[in-house]
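Letter by letter, the chains look like this.
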Amino acid sequence: SASTHQQIMTAQRHHDELDSADGTESKLELFDKMLMSLEDAKSAIRDAISENLKKGGAADEGKAASLQLLRNYVQGTALLWTRERDLLLVETLQGRLKTGETGRKAAKAEDVVK
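### Brief notes about the environment of A48
Link 1 in the chain: Tracing the backbone shows A48 in helix α2 (residues 23–54).
Link 2 in the chain: Here A48 falls in the partly exposed class, since its relative accessible area comes to 22%.
Link 3 in the chain: C-alpha of A48 to C-alpha of L67: the two residues are 19 residues apart in sequence and 7.6 Å apart in space.

Put into structure tokens, the structure is as follows:
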């Protein structure tokens, strides 16, 4: 659907902005926006799948297969970007541990495994 396409494109646009983002906080904000857009896309895909299934015998098999493939793509992308976000967090926390940085909240070794 157009909504799903728009959400995926929005997520990709935010991902493209990562390279030019300054600082960890702005990158984390972009990751949050990306992942929220992908969640919205997954929700729209889930709704489309349900709608197709409600048709019963008149359900379009090709459309169902395409929706499943799209859902798998979006889920895979979300997992990949979640991993990238987690690695950024780990790098940040490791850096804080090495430098002994204190700030709003001092980093502890336990924070790396959360």
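Picking up where we left off.
### With respect to the nonpolar core
Link 1 in the chain: Residues L18, F31, M34, L38, V74 and W81 are the most contacted members of the largest nonpolar core, which totals 18 residues.
Link 2 in the chain: Looking at this core, the elements with two or more residues in it are α1 (2–17), α2 and α3 (61–99).
Link 3 in the chain: The element contributing the most residues to this core is α2, with nine residues.
Link 4 in the chain: Among all residues touching V74, those that are not within four sequence positions of it are I8, L38, A41, K42 and I45.

### Overview of the pattern of salt bridges
Link 1 in the chain: According to the stated counting rule, one finds two salt bridges in the structure shown.
Link 2 in the chain: For the salt bridge of D32 with R85, the shortest nitrogen-to-oxygen distance reads 3.2 Å. Of the two residues, D32 sits in helix α2 while R85 sits in helix α3, which places them 53 residues apart along the sequence.
Link 3 in the chain: Between K42 and E39 there is a salt bridge; the shortest N-O distance is 2.8 Å. Pair noted here: K42 and E39 are both in helix α2, with a separation of three residues, about one helical turn.

### Side note on the confidence of the model for the protein
Link 1 in the chain: Of all residues in the protein, 86% have pLDDT values of 70 or greater, and the mean over the chain is 87.
Link 2 in the chain: For the protein, per-element mean pLDDT is lowest for helix α4 (residues 109–112), which scores 58, and highest for α1, which scores 94.

### Details of α1
Link 1 in the chain: Its 16 residues place the ends of α1 23 Å apart at the C-alpha level, agreeing with the 22 Å of an ideal helix rising 1.5 Å per residue.
Link 2 in the chain: If you check which residues of α1 are buried, you get T4, Q7, I8, T10, A11 and H14. Along the axis of α1, the buried residues cluster in a sector spanning 155°; they form a single face. Exposed and oriented more than 90 degrees from the buried face of α1 are A2, H5 and D16.
Link 3 in the chain: Looking at the packing, one finds that the buried side of α1 touches α2 and α3.

### Some remarks on the packing of α1 against α3
Link 1 in the chain: As a packed pair, α1 and α3 sit with axes 13 Å apart at the nearest point and diverge in direction by 25°. With respect to α3, the element α1 is oriented roughly parallel. Of the two possible hands of crossing, α1 and α3 adopt the one that is left-handed. Each of T4, I8, A11, Q12 and H15 in α1 lies in contact with α3, whose residues at this interface are L70, V74, W81 and E84.
Link 2 in the chain: Within the contact of α1 with α3, the residues separate by chemical class into five nonpolar, three polar and one charged.

Quick notes on the rules
- Residues numbered from 1 in each chain as written.
- Predicted model: local features only at pLDDT ≥ 70, side-chain atom pairs only at ≥ 80, totals over all residues.
- Heavy atoms only, no water.
- Helix = DSSP H or I, 4+ residues; strand = E, 2+ residues; numbered from the N terminus.
- Buried < 20%, exposed > 50% of the residue type's maximum accessible area, 1.4 Å probe, protein only.
- Core = buried A, V, L, I, M, F, W, Y, C linked by side-chain atoms within 4.5 Å.
- Contact = heavy atoms within 4.5 Å.
- Salt bridge = Lys/Arg side-chain N within 4 Å of Asp/Glu carboxyl O.
- pLDDT = per-residue confidence, 0-100.
- Expected span 1.5 Å × (residues − 1).
- Arc of directions from axis to C-beta.
- Axes fitted to C-alpha atoms, helices over the stretch in contact; angles between N-to-C directions.
- Parallel < 35°, antiparallel > 145°, perpendicular 65-115°, else oblique.
- Left-handed = near helix turned anticlockwise from the far one by under 90°.
- Nonpolar A, V, L, I, M, F, W, Y, C, P; charged D, E, K, R; others polar.

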